[in-house]
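Close look at the chain arrangement
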Amino acid sequence: MKTILDILTDKFSTAFEKAGYAAEYGRCVVSNRPDLCEFQCNGAMAAAKAYKKAPIKIAQEVVELLPNDQSFKSVEAIAPGFINVILSERILNSYLNEMAISKKSGFEPKSTDKTAVIDYGGANVAKPLHVGHLRPAIIGESVKRLLAFDGYKTIGDAHLGDWGTPIGLIFTEMQVRNPSLVFFDENYTGEYPAECPVTLKELEEIYPYASAKSKEDEEYRARARQAVFELQSGRRGYRALWERIMDISKADLKKNYGSLNVSFELWYGESDADPYIVPMIEDMKKQGIARISEGALVVDVKEESDNKEMPPCMLLKSDGAVGYDSTDLATIVQRMKDFSPNKIIYVVDKRQGLHFEQVFRAVRKAGIVGDDTELIFLGNGTMNGKDGKPFKTRDGGVLRLEALVQDVRDHVAEKMADRDLSDEEKNEIARKVGLAALKYGDLSNAATKDYIFDIDKFTSFEGNTGPYILYTMVRIKSILEKYSQVTGSDTKEVLSKAATGAYKLTVLDGNDSEKKLKLQIAMFSEAMAQAVAEIAPHKVCSFLFELSNTFNSFYHENKIVAEENEDKRNGFIALICLTLKLLETGIDLLAIEAPEKM
Ligand code: ARG
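Residues numbered from 1 in each chain as written. Predicted model: local features only at pLDDT ≥ 70, side-chain atom pairs only at ≥ 80, totals over all residues. Heavy atoms only, no water.

Our next topic: the overall build of the protein chain. The helix and strand inventory of the protein chain stands at 21 helices and 13 strands. For the protein chain, the C-alpha atoms occupy an extent of roughly 90 × 70 × 40 Å along the three principal directions. Out of the 598 residues belonging to the protein chain, those deemed buried represent 54%. The contacts of the protein chain with a sequence gap of at least 6 include a subset with a gap of at least 24, amounting to 73%. Within the structure as shown, the protein chain displays about 27,200 Å² of accessible surface, and the carbon and sulfur contribution to it stands at 49%. Each charge class in the protein chain was averaged separately, 77 positive and 91 negative side chains, and the resulting centres sit 2 Å apart. (Helix = DSSP H or I, 4+ residues; strand = E, 2+ residues; numbered from the N terminus. Buried < 20%, exposed > 50% of the residue type's maximum accessible area, 1.4 Å probe, protein only. Contact = heavy atoms within 4.5 Å. Areas by Shrake-Rupley, 256 points an atom, 1.4 Å probe, with all protein chains shown as cover. Lys, Arg positive; Asp, Glu negative; His and termini not counted. Charge placed at Lys NZ, Arg CZ, Asp CG, Glu CD.)

What follows concerns the sheet that holds strand 11 (residues 374-380). Reading across from one edge, 6-5-10-11 is the order of the four strands in this open sheet, with parallel pairing throughout. Across the chains shown, the open sheet's two edge strands, defined by having one partner strand only, are strand 6 (153-157) and strand 11. The mean angle between the axes of side-by-side strands here comes to 20°, regardless of whether they run parallel or antiparallel. By the bridge criterion, four bridges tie strand 5 (residues 115-119) to strand 10 (residues 343-349) in an arrangement that is parallel. From the neighbouring strand, Val117 faces strand 10, where its bridge partner is Ile344. Across the sheet, helix 11 (residues 324-339) touches strand 5, strand 6 and strand 10, and the angle it forms with strand 10 is around 145°. (Pairing = 2+ DSSP bridges. Axes fitted to C-alpha atoms, helices over the stretch in contact; angles between N-to-C directions.)

Next up on the list: the packing of aromatic side chains. Overall, the coordinates contain 30 aromatic pairs when judged by the stated rule. Taken together, a centroid distance of 6.2 Å and an interplanar angle of 75° make the contact between Phe12 and Phe72 edge-to-face. Of this pair, Phe12 sits in helix 1 (residues 4-18) while Phe72 sits in strand 3 (residues 72-78), and the two are 60 residues apart along the sequence. Just as Phe12 is buried, Phe72 falls in that class too. (Phe/Tyr/Trp six-rings, centres within 6.5 Å; stacked < 30°, edge-to-face > 60°.)

Within the secondary structure layout, Asn97 lies in helix 4 (residues 89-101). Along the primary structure Asn97 and Tyr503 are separated by 406 residues, whereas in three dimensions their C-alpha atoms are 8.4 Å apart. With residues near it in sequence (within four places) discarded, Asn97 still touches Tyr503, Lys504 and Leu505.

All right, on to the site of the ligand then. Neighbouring the ligand are Asp119, Gly122, Asn124, His159, Tyr324, Asp328, Tyr346, Val348, Gln352 and Phe356. For the ligand, a nitrogen atom lies 2.7 Å from a polar atom in the side chain of Tyr324. At the level of elements, helix 11 and strand 10 are the ones that each hand at least two residues to the shell around the ligand. Broken down by class, the residue content of the shell around the ligand amounts to four nonpolar, four polar and two charged. (Near = heavy atom within 4 Å. Polar contact = N/O pair within 3.5 Å; in protein donor to acceptor, adjacent residues only side chain to side chain. Nonpolar A, V, L, I, M, F, W, Y, C, P; charged D, E, K, R; others polar.)

Judged by nonpolar contacts, the single largest core of 162 residues is most densely connected at Leu87 and Leu404. In this structure Leu404 touches Val131, Leu134, Met383, Phe391, Leu399, Leu438 and Phe453, once residues within four positions along its chain are discounted. Formed by 34 residues, the second largest nonpolar core is a distinct cluster that contains Ile277, Ile289, Val301 and Phe360. (Core = buried A, V, L, I, M, F, W, Y, C linked by side-chain atoms within 4.5 Å.)

Glancing now at the environment of Val359. By secondary structure assignment, the location of Val359 is in helix 12 (residues 353-365). Classification of Val359 as buried rests on a relative accessible area of 0%. For the pair Val359 and Val301, spaced 58 residues apart in sequence, the C-alpha separation works out to 8.5 Å. Those residues in contact with Val359 that sit more than four places away from it in its chain are Cys313, Asp325, Asp328, Leu329 and Ile332.

Listed below in structure tokens is the structure:
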């Protein structure tokens, strides 16, 4: 299905052509004066310059030549040369009737032959997820779903931090505490125990302890670096221990991401890029783009036009170990080989912008990535507390993600306390609504912006919040339930009948609130296309919020089930089924789930 703007643009383009002007002037846009009209075409203003004619003249000619097909309630040429458009109910009805029975409600995927890899995990193993991981996870999952909606084959990669300093620190501290552990015995040649010698809980204590100690103790730090080097060089016991830690850590991460309704197609880590590093470096040497600098091997990525610091990309540190730069470079080698993606998108804290700029430049320079692949850094802003600083626990510590999710859930549960529902129902509602509050509060902000975590605002059932959207959906379901009772049917049946076009919009004298709802629904494809093009989940949120608002005004101003005129009532049912479908599609793009009741 064409978007409503494309349909209008076609009509205007034809009219411009008929009048002797180029078709491209027929581009229509949503009105920026909704008090005057719904859409407008400003092409006559531009055409006036090219054809040296008064814009109002051109506008008048075009209006005369528009098809007489009852699409418009009014079309007016307005000085100095705008054309203002108000659509007829007829064209909206037929557009919406078609949407109701169309796949994806009429949205046309444009990228069915494309592949995108999305890197949005970045959790470090052996450390619990904390609030810093929230935004990449939530935004990344939504970006993935949005691109899939547009037809992309999407591959989400967790890209776990499993290969660097943290592991070295953990090994070092474990060895201090338990030097006789067989994993540390260099002369041991037997099988290693299958059990991980530490629990997750212990790891969670060991890592911060070791990290703090390494900051004060030079010798300790050197040992940790050495451990990383030996792990990467394949020391048997270290590999085995690393595998045990990975097992328990990955299982826990899967559970945690899962509880956020965030999933990955690939659970790769930095370590998976390791086999690609040596050949990549050899190749760069051959090309003459790698050079030695203070004992380290680097690639220069500075360009003449740079007016900021642009340090070289580090291939090998002076001690021969590989670091964050080389794993990211080699990961791109791997992704190109496995998927030859059209896009690789990184949803990572925006403070890592420089790192990714270096990496992107280096892979282009080395010919690892060609012109057919876009590399996109979607740097996310920070979730701040009310003090405007990065969100912390009350005592200033880093808040675990689990605790944050639980807090929001409890907050919602409190609001539900006096509802007449079973405990089980209440728990399930609190879980879904809590997550929706958290995710929507995040996603409704542009990814790159910082925002303030405000639990009262996020969990409110009113305003631009997740719970408000869900509440609107629940309201529609309850109207449909009432309607089904009256008609001796059930909600599911009504919805599936609506999807086959059993209820039609035919009536032409709807009130203002009905017209506004129809217009908002008709903008669905346009809004989603924009969200896809800009990789912007917050645009999905804006659409859902507007749709909920227009629906709720419609609901307050019309009797739906009690409407006596049958054609009118059928139209209302069509309208609210379509509204519900778009809301469902929209929240799914945000990876938000709706409860049945609220
Ligand atoms: N593990 C990294 C960190 O904690 C984030 C990884 C992001 N993704 C990437 N491909 N570098 O900072």
